[in-house]
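Summary of the model geometry
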Amino acid sequence: MVLEGNPEVGSPRTSDLRHSGNHGSCVLSSPGEDAQPGEEPIKYGELIVLGYNGCLASGDKGRRRSRLALSRRPHANGVKPDVMHHISTPLVSKALSNRGQHSISYTLSRSHSVIVEYTHDSDTDMFQIGRSTENMIDFVVTDTSPGGGAAEGPSAQSTISRYACRILCDRRPPYTARIYAAGFDASSNIFLGERAAKWRTPDGLMDGLTTNGVLVMHPAGGFSEDSAPGVWREISVCGNVYTLRDSRSAQQRGKLVENESNVLQDGSLIDLCGATLLWRTPAGLLRAPTLKQLEAQRQEANAARPQCPVGLSTLAFPSPARGRTAPDKQQPWVYVRCGHVHGYHGWGCRRERGPQERECPLCRLVGPYVPLWLGQEAGLCLDPGPPSHAFAPCGHVCSEKTARYWAQTPLPHGTHAFHAACPFCGAWLTGEHGCVRLIFQGPLD
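Residues numbered from 1 in each chain as written. Predicted model: local features only at pLDDT ≥ 70, side-chain atom pairs only at ≥ 80, totals over all residues. Heavy atoms only, no water.

The name an unreviewed UniProt entry gives the protein is E3 ubiquitin-protein ligase pellino homolog, with Camelus ferus as the organism. What the UniProt record of the protein gives under Catalytic activity (unreviewed entry) is the line "S-ubiquitinyl-[E2 ubiquitin-conjugating enzyme]-L-cysteine + [acceptor protein]-L-lysine = [E2 ubiquitin-conjugating enzyme]-L-cysteine + N(6)-ubiquitinyl-[acceptor protein]-L-lysine." Check the Sequence similarities (unreviewed entry) section of the UniProt entry for the protein; it says "Belongs to the pellino family." (UniProt positions renumbered as here; feature names shortened; annotations may be inferred.)

1. Brief notes about the overall build of the protein
Along the protein, the regular secondary structure elements total 4 helices and 27 strands. Counting only contacts in the protein whose residues sit at least 6 apart along the sequence, the fraction spanning at least 24 positions is 65%. (Helix = DSSP H or I, 4+ residues; strand = E, 2+ residues; numbered from the N terminus. Contact = heavy atoms within 4.5 Å.)

2. Considering the nonpolar core
Generally speaking, soluble globular proteins have nonpolar side chains that are buried together. In this structure, Leu-47, Ile-129, Ile-167, Ile-179, Ile-270, Leu-272 and Leu-277 are the most contacted members of the largest nonpolar core, which totals 46 residues. Setting aside its immediate chain neighbours within four residues, Ile-179 contacts Cys-165, Arg-166, Ile-167, Val-214, Val-216, Ile-235, Gly-239, Asn-262, Leu-264 and Ile-270. Membership of the second largest hydrophobic core comes to 27 residues, among which are Cys-381, Cys-398, Cys-425 and Leu-429. (Core = buried A, V, L, I, M, F, W, Y, C linked by side-chain atoms within 4.5 Å. Buried < 20%, exposed > 50% of the residue type's maximum accessible area, 1.4 Å probe, protein only.)

3. Re empty space enclosed by the protein
Counted under the stated rule, the structure contains 3 cavities of 30 Å³ or more. In this structure, the largest cavity encloses a volume near 130 Å³. Along the walls of the largest cavity sit 16 residues, with Leu-294, Gln-297, Gly-375, Pro-387 and Cys-398 positioned nearest its centre. Elements with a contribution of two residues or more to the lining of the largest cavity: α3 (291-303) and β24 (396-398). Examining the composition of the lining of the largest cavity, we find that 3 residues originate from one element, α3, more than from any other. (1 Å grid on protein atoms, 1.4 Å probe; cavity = no way out; pocket = protein on both sides within 12 Å on 5 of 7 lines; lining within 4 Å. Points joined across faces, edges and corners; volume = space filled by probe spheres on them.)

Below, the structure is given as structure tokens:
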């Protein structure tokens with residue numbers, strides 16, 4: 001039995017809905033309909049995947065990349081709720097067969113489903129994120145393993161949904177971006193099965209959560225020098241905010257957080273259960289250091305001619321163009337417990353504690369001894385400060401405020417665990433503070 005035109009849901013049904021825009025585009029340079037020829041498109045913001053330091057190991061290609069700019073589309077392709085239908089199961093397949101009609105199906109039982117149809121929204125642009133490589137996904141994201149890189153091989157079971165989430169951006173100022181759990185599939189549907197967490201809201205509408213959930217954390221104080229980590233929340237299919245479930249895939253939802261919204265802020269973190277993304281606004285990116293500034297800092301650090309305090313050889317940070325290959329002879333190394341910077345040497349090993357454990361010849365502290373690498377993803381930096389601190393134990397170098405912020409930011413891992421991690425490679429942080437101040441020795445001449 002179909003109940004047409006539920007008055008609680010809104011406008012009458014649109015019988016011939018066709019969504020505009022190309023889901024498959026990378027949206028890197030397509031001008032908006034108000035833009036003049038040659039003008040840059042209006043940018044809503046950028047998504048940066050944590051753990052890749054500026055580029056995927058295999059290179060950024062098409063929709064699979066470490067960073068993606070969302071810009072205004074030539075034509076709006078957003079959708080909004082229209083009408084709700086209560087239907088019996090035999091009618092479900094027929095109701096979902098119209099590929100031009102976006103809809104969300106909530107299966108309540110074997111004999112009862114609720115389908116919410118969506119209609120075209122000329123005021124918003126929709127961008128979809130997920131593991132699927134189908135054309136409706138704008139940003140293809142794969143699992144990031146601790147230590148950097150993607151989980152590869154047939155045995156690597158992904159926990160990221162094929163259609164993980166969607167972001168709707170207002171086409172008019174202030175270009176507000178909102179995030180929703182789940183994305184529409186090739187048939188323009190979102191299907192929440194019988195086992196998925198779902199419920200009827202107090203106003204008679206439907207809402208639900210995806211299997212592994214979409215978590216969001218907004219930093220306190222914005223993403224700046226004064227930032228502090230916020231509280232992780234879960235976003236529902238309809239964009240409502242809830243406290244976290246007992247475990248990632250539990251069927252019992254958390255409590256509704258009425259005073260918070262799904263609006264993305266500069267520095268908001270989005271976790272897809274396998275990869276974490278950082279949202280940067282255009283205004284926030286203007287405050288972030290540029291690649292030219294990072295290169296100038298590298299050259300300035302090398303111009304100081306730091307030396308190994310034992311071997312007295314001159315040290316130098318390698319050019320980012322060389323990539324993270326085997327360290328060269330001038331590569332600076334650090335004892336991550338004390339921060340003393342040396343050139344590479346083979347003495348001081350403490351094999352009983354592990355192959356990387358060394359005793360610092362200056363202070364005798366024993367701990368990991370690793371090469372230093374500059375953080376090259378500028379969007380992950382809170383300020384353009386000098387590269388003075390390194391994450392432990394990976395050795396990625398950035399400013400003090402950037403290092404301290406990420407060292408105190410817990411990132412979701414697995415079904416209910418949280419770990420602070422290096423934003424440049426994804427390695428879990430260790431030690432009392434997760435980072436260390438670097439102690440260089442200048443030239444003796």
